[in-house]
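Letter by letter, the chains look like this.
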Amino acid sequence: MRGWKGRGGWQQAEVPSAEDAAGWFAGRLPDGWFTGAPEITVDREEILVVGELPPLTDEFADDAARAAAEAGRISRFREETRERRIEIARQAEHRYQRKVAWGARVGDTRELFTTLSVPVMTRLRQPERQVLDTLVAAGVARSRSEALAWAVRLVGQHAEQWLGQLREAMSTVDDLRAKGPDLG
């Protein structure tokens, strides 16, 4: 079902609110999985749960050896918790009507697993297509799709503070809309 949602245009059917997702996961995750509360990120399609694993205490010859040990710790966590993560994800997916993705962090290493890759469509004029084609021709990306994803990641890295402020402003607008008169 689709419906009109003000200036934002046509949107997909409403999914349940996930405002309580951080609390739900805090209560549902087994004790000892993470050193603190996991980072919970929610959008329309996915809930991403990323937790900090206990730090490594061994000495390492160099940064490469430390990074390999951190990757190994994350891999072990992924394997040892797979069945429980699947069970928790099924419950959350039923509750929030979104897929659940997982990740873990140790030291400087952060890995995501079971994440979604959601297709989006855009219309680009020739100058924008030429930018993507240049990235493909230069070997930065294998396709226009990959080039566009690369560009979006780059903008996200360099504009994170501004994007955070924009998200806050949008949240305030949503709150005001919800308090406004019901026109339907």
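Residues numbered from 1 in each chain as written. Predicted model: local features only at pLDDT ≥ 70, side-chain atom pairs only at ≥ 80, totals over all residues. Heavy atoms only, no water.

Novice: I'm lost on unusual backbone geometry in this one. Help?
Specialist: Backbone geometry follows two general trends: most residues other than glycine have a negative phi, and most peptide bonds adopt the trans configuration. With phi around 55°, Q97 is a residue other than glycine that occupies positive phi space. By secondary structure assignment, the location of Q97 is in the loop between helix 2 (63-96) and strand 5 (99-106). One non-glycine residue, T114, adopts positive backbone phi at about 55°. For T114, the position within the fold is in the loop between strand 6 (109-113) and helix 3 (126-137). Residue T114 is classed as partly exposed on the basis of its relative accessible area of 45%. (Helix = DSSP H or I, 4+ residues; strand = E, 2+ residues; numbered from the N terminus. Buried < 20%, exposed > 50% of the residue type's maximum accessible area, 1.4 Å probe, protein only.)

Novice: I'm lost on the nonpolar core in this one. Help?
Specialist: Across soluble globular proteins, nonpolar side chains have a tendency to be buried as a group. By size, the foremost hydrophobic cluster in this structure holds 22 residues, and its most contacted members are F25, L29, V100 and W102. No other element matches the six residues that helix 2 contributes to this core. Residues within four places of L29 in sequence aside, it is in contact with F34, P38, V49, I88 and W102. (Core = buried A, V, L, I, M, F, W, Y, C linked by side-chain atoms within 4.5 Å. Contact = heavy atoms within 4.5 Å.)

Novice: It is not clear to me how the packing of aromatic side chains should be interpreted in this structure. Could you clarify?
Specialist: Working definition: an aromatic ring pair is given by the centre-to-centre distance plus the angle between the planes. Tallied over the entire structure, the rule returns seven aromatic pairs. Between W24 and F25, the aromatic rings sit 5.0 Å apart at their centres with planes inclined by 90°, giving edge-to-face as the arrangement. Both residues of the pair, W24 and F25, count as buried. When the ring of F25 is compared with that of W102, the centres are 6.2 Å apart and the planes differ by 85°; the resulting orientation is edge-to-face. Here F25 is found in helix 1 (residues 21-28), whereas its partner W102 is found in strand 5, with 77 residues between them in sequence. Judged by relative accessible area, which is 0%, F25 ranks as buried. W102 sits in the buried class, given a relative accessible area of 2%. One aromatic cluster is present, formed by W24, F25, W33, F34, F77, Y96 and W102 through successive ring pairs. (Phe/Tyr/Trp six-rings, centres within 6.5 Å; stacked < 30°, edge-to-face > 60°.)

Novice: What is the right way to look at the pattern of salt bridges in this model?
Specialist: It is possible for side chains of opposite charge to pair when their charged atoms get near one another. If you walk through the whole model with that rule in mind, you get 11 salt bridges. The partner of E93 in a salt bridge is K99, with the nearest N and O atoms 3.9 Å apart. Its relative accessible area of 22% is what places E93 among the partly exposed residues. For K99, a relative accessible area of 45% puts it in the partly exposed group. The partner of E160 in a salt bridge is R167, with the nearest N and O atoms 3.4 Å apart. Taking the relative accessible area as the measure of exposure, R167 reaches 48% and is therefore partly exposed. (Salt bridge = Lys/Arg side-chain N within 4 Å of Asp/Glu carboxyl O.)

Novice: Could you clarify how one ought to interpret the environment of G23 in this entry?
Specialist: Within the secondary structure layout, G23 lies in helix 1. A sequence separation of 17 residues divides G23 from I40, and the C-alpha atoms of the two residues are 9.6 Å apart.

Novice: Any chance you could explain the domain arrangement of the protein chain here in plain terms?
Specialist: By a widespread convention, an interface's size corresponds to the accessible area lost as its parts come together. You can read the domains of the protein chain as domain 1 (20-113) and domain 2 (126-179). Taking the mean C-alpha position of each, domain 1 and domain 2 sit 25 Å from one another. (Domains from an automatic or database assignment.)

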